[in-house]
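# Summary of structural features
These are the residues of each chain, in order.
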Amino acid sequence: MSSKIPVSVLIPAKNEQANLPACLASLRRADEIFVVDSQSTDNSIEIAKSHGVNVVQFNFNGRWPKKKNWSLDNLPFRNEWVLIVDCDERITPELWEEIDQAIQNEEYTGYYLNRRVFFLGKWIRYGGKYPDWNLRLFQHKKGRYENLHTEDIPNTGDNEVHEHVILQGKVGYLKNDMLHEDFRDLYHWLERHNRYSNWEASVYFNTLTGKDDSGTIGANLFGDAVQRKRFLKKVWVHLPFKPFLRFILFYIIQRGFLDGKAGYIYARLLSQYEYQIGVKLYELRNCGGHLNTATTPKEGAQEQGSRGAEEQGSRGAEEQRSRGAEEQRASY
């Protein structure tokens, strides 16, 4: 049996019973594994415990930090290096061997991992989905996720999804890929991206209103792959007809058509996703920077308080009538 590698794995989770077994099976080489759960209602916790890993509950209070940064601040890692893996991701044996060698190199404090994204059972190799670099392996004392100030927007979740790690020190790139394949159906893909579009709309809104981006990885055309992508995003947000452009970019310019039917479906879904972002951005710009409300928060709070007082008064009157009836029955 292969020896354990001195890496602590962090897995953010919520209702992931379909993905967790394969994910955990791919992590057997890790010395330590933490599943940080958000009150799952399926069998996620039982599955995690059956694999002998540490299960920690995270209760989001609506403020920063979210789940990954909270975990990096609070979990008692016994290893210097942490590997962050989502439930729908797998670490291959070849990648484990490379990780084992990489963490012995004192020149680097972190490494980007490349993901192979699978959709409808097919590797989406084109459309700009590959390479897909993510900084997932790093010395946990030297890295934290950036804050893009989206926690006040409802329904964005309690986990850093598109935020990137800011790391002290030199970063390298690993050669072997990690695998990304969600075993759940398209309903969950659509549900997840409906939530993501709240987050994206908030980031677009912050960009258009000139919100300070200090404390982030920054946007730099001549920086690393992630900084270049962030620079292009700042240009993208000003373009018209983004749903149409998203389809053309993915399917035609970046040759998504070479991925066959899966590539076409993915392109159409991304176009729809871009439309969702756009209408939610319109909502933000026309509702004072707030989603899912036609009134200001103050007005909403006043209305809620008024309704609460009416309901309380109604309940009080009802209780009084009930007590009176009981006293009346007792007197007979």
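Calculation criteria
Residues numbered from 1 in each chain as written. Predicted model: local features only at pLDDT ≥ 70, side-chain atom pairs only at ≥ 80, totals over all residues. Heavy atoms only, no water. Helix = DSSP H or I, 4+ residues; strand = E, 2+ residues; numbered from the N terminus. Buried < 20%, exposed > 50% of the residue type's maximum accessible area, 1.4 Å probe, protein only. Contact = heavy atoms within 4.5 Å. Areas by Shrake-Rupley, 256 points an atom, 1.4 Å probe, with all protein chains shown as cover. Expected span 1.5 Å × (residues − 1). Arc of directions from axis to C-beta. Salt bridge = Lys/Arg side-chain N within 4 Å of Asp/Glu carboxyl O.

### Some remarks on the overall build of the protein
Of regular secondary structure, the protein possesses nine helices and eleven strands. A buried classification covers 44% of the 332 residues belonging to the protein. Put simply, 73% of the contacts in the protein that link residues at least 6 apart link residues at least 24 apart. Looking at the protein as shown, the accessible area adds up to about 17900 Å², and 51% of this sits on carbon and sulfur atoms.

### Quick look at helix 6 (residues 225-236)
In a regular helix each residue adds 1.5 Å, so twelve residues correspond to 16 Å; helix 6 covers 16 Å between its end C-alpha atoms and thus fits that length. Listing the buried residues of helix 6 in full gives V226, R230 and W236. Angular distribution of buried residues about the axis of helix 6 spans 115 degrees; they occupy a single face of the element. The secondary structure elements touched by the buried residues of helix 6 are strand 6 (110-119), strand 8 (133-139), helix 5 (186-208), helix 7 (242-253) and helix 8 (260-286).

### Re the pattern of salt bridges
Applying the stated criterion across every chain, the model contains 17 salt bridges. R78 is the salt-bridge partner of D31, the closest N and O atoms lying 2.8 Å from each other. With D31 in strand 2 (residues 30-37) and R78 in the loop between helix 3 (67-74) and strand 4 (81-84), the pair connects residues that are 47 residues apart, well separated along the chain. Of the residues examined, D31 reaches a relative accessible area of 26% and is grouped as partly exposed. On the basis of relative accessibility, which here comes to 57%, the residue R78 falls in the exposed class. Salt bridges here are not isolated pairs; linked through shared partners, they connect D86, E89, R115, D132 and R136.

### Some thoughts on the environment of I33
Looking at the element boundaries, I33 is found in strand 2. Not counting the four nearest positions on each side in its chain, I33 is found in contact with V9, I11, L24, L27, V53 and N54.

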